[in-house]
Amino acid sequence: MSDRITSWHASPSKPSYAPPAGAIDAHCHVFGPMAQFPFSAKAKYLPEDAGPDMLFALRDHLGFSRNVIVQASCHGTDNAATLDAIAKSAGKARGVAVVDPAISETDLTALHEGGIRGIRFNFLKRLVDDAPKDQFLEVAKRLPAGWHVVIYFEADILEELRPFMDAIPVPLVIDHMGRPDVIQGAAGADMKAFRALLDSREDIWFKATCPDRLDPTGDPWNAFAGAVAPLVADYQDRVLWGTDWPHPNMQDTIPDDGHLVDMIPRIAPTADLQQKLLVSNPMRLYWPEEL
Ligand SMILES: O=C(O)/C=C(\CC(=O)C(=O)O)C(=O)O
């Protein structure tokens, strides 16, 4: 791999929608800077630098207060770039790590002290070489108190993953709702299957994220709004929102982050819903000690 990719908008618009005070962007990443934090030898994409200064400038531009930084696959299991960004945030960021399942208790404790509150299991074949369920389960059973597991998968393997997810003894957070086909609509087969998963346990959360990834009709992503708004309304105490900046692998259809923020009132139309989606729900998972 040689060419480095830019997958984010150079000058995103100012959103029309103003998030409530204390709003949290609960799904974003940092890339590098590479000179300080080299990418993994197994990385499936090689991005340009998108470090903490850029992330925090975007946070302020969009009207947000805090970030949850999710370790991206291009950094493998070395969480140094994510930890560096959290350390530079002055308490305004926490994170989700990707770990070698054989990680020691001491290293898990160090991640906790660095602001990590969960680990991510990625099942997308285009992003990772393997996803060993038995080893994932083993490490999920010995996480620090209060942590959760974030899972990233596509809709076609939801059923196959059910026994694995059922066995995880801590709360689950599903990235991008398990990537449903939003063209099917709110009552489509993918959304029905996802609702069945949510109904199976009260501690399964999800991110109502990524219209740009999920809606082939493009900005303003009307199919996404139609399919996702009922889900947010029906599961309003366990839904999170995030920009997904710097939008890994979206270089061919880079979203305008201001437009992504303007999706929020379309999927969460009332002030009460917006407060849960952007403030109280993510606070419960990532800053519970402040509640
Ligand atoms: O950022 C996301 O959530 C989605 C990604 C990238 C990713 O997850 C990763 O690199 O770890 C994707 O679909 O390419």
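Residues numbered from 1 in each chain as written. Predicted model: local features only at pLDDT ≥ 70, side-chain atom pairs only at ≥ 80, totals over all residues. Heavy atoms only, no water.

A short note on the UniProt feature "domain: Amidohydrolase-related" (unreviewed entry) in the protein chain
So the rule is basically this: UniProt positions are given in the numbering used here, feature names are shortened, and annotations may be inferred rather than shown by experiment. What counts as a helix is a DSSP run of H or I of at least four residues, what counts as a strand is a run of E of at least two, and both are numbered from the N terminus.
What UniProt calls "domain: Amidohydrolase-related" (unreviewed entry) maps, in this numbering, to residues 24-286. Regarding residues 24-286, the helix share stands at 38% and the strand share at 14%, and the terminal C-alpha atoms are separated by 10 Å.

Regarding the environment of R126
Heads up, the condition is: Two residues form a contact once any of their heavy atoms are found within 4.5 Å.
Relative to the helices and strands, R126 is located in the loop between β4 (116-122) and α4 (133-140). Distance from R126 to K44, taken between C-alpha atoms, is 7.2 Å for residues 82 residues apart in sequence. Discounting residues that sit within four places of it in the chain, R126 has contacts with K44, Y152, R179 and N249.

Observations concerning the site of the ligand
The criterion, for reference: One heavy atom suffices: a residue is near a molecule or strand as soon as one of its heavy atoms comes within 4 Å of it. Residues adjacent in sequence count toward polar contacts only when both atoms are side-chain atoms; beyond that, a polar contact is any pair of N or O atoms within 3.5 Å, and within protein one must be able to donate a hydrogen and the other to accept it. Using a 1.4 Å probe, the Shrake-Rupley method yields the accessible areas, and only the shown protein chains count as cover for residues. Each residue receives one of three labels: charged for Asp, Glu, Lys and Arg, nonpolar for Ala, Val, Leu, Ile, Met, Phe, Trp, Tyr, Cys and Pro, and polar for the others, Gly being one of them.
By nearness alone, 16 residues border the ligand, and H29, Y45, S73, Y152 and H176 come closest of all. A distance of 2.5 Å separates an oxygen atom of the ligand from a polar side-chain atom of H29. In the model, an oxygen atom of the ligand is placed 2.8 Å from a nitrogen or oxygen of the R120 side chain. Protein contact buries 100% of the 350 Å² of open area that the ligand shows by itself. Broken down by class, the residue content of the shell around the ligand amounts to five nonpolar, six polar and five charged.

Things to note about the sheet that holds strand β8 (residues 239-240)
How we decide: When DSSP finds two or more bridges between two strands, those strands count as paired. For helices, the fitted axis covers only the stretch in contact; all axes are lines through C-alpha atoms, and the angles between them, taken along N-to-C directions, range from 0 to 180 degrees.
In spatial order, the strands read β1-β2-β3-β4-β5-β6-β7-β8; together these eight strands make up an open sheet with parallel pairing. Taken across any chain shown, the strands that pair with only one partner, and hence form the sheet edges, are β1 (24-28) and β8. Summarising the sheet, strand β6 (residues 172-174) and strand β7 (residues 204-207) pair through three bridges and their orientation is parallel. Counted as the bridge partner of V173 is W205 from β7. Where helix α6 (residues 189-200) meets the sheet, it contacts β6 and β7, and its direction lies at approximately 140° from that of β7.

Quick notes on the confidence of the model for the protein chain
Test applied: Per-residue confidence from the predictor is given as pLDDT, running between 0 and 100.
Confidence in the prediction of the protein chain, expressed as mean pLDDT, is 98, and 99% of residues score 70 or more. The ipTM value of the predicted complex is 0.96, and its pTM value is 0.98.

Let's talk about unusual backbone geometry
With an omega dihedral of 5°, the bond running from G32 to P33 counts as a cis peptide bond. Following the sequence through the fold, P33 ends up in the loop between β1 and α1 (52-62).

Considerations on α4
The cut-off we apply is this: Partly exposed describes any residue whose relative accessible area lies between the buried limit of under 20% and the exposed limit of over 50%, with all areas from a 1.4 Å probe on protein chains only and scaled to the type maximum. By construction, the arc corresponds to the directions joining the helix axis to the C-beta atoms.
Of the residues making up α4, those classed as buried are F136, L137, V139 and A140. Taken down its axis, α4 places every buried residue within 165° of arc, on the same side. Close packing links the buried residues of α4 with β4, β5 (148-152) and α5 (158-167).

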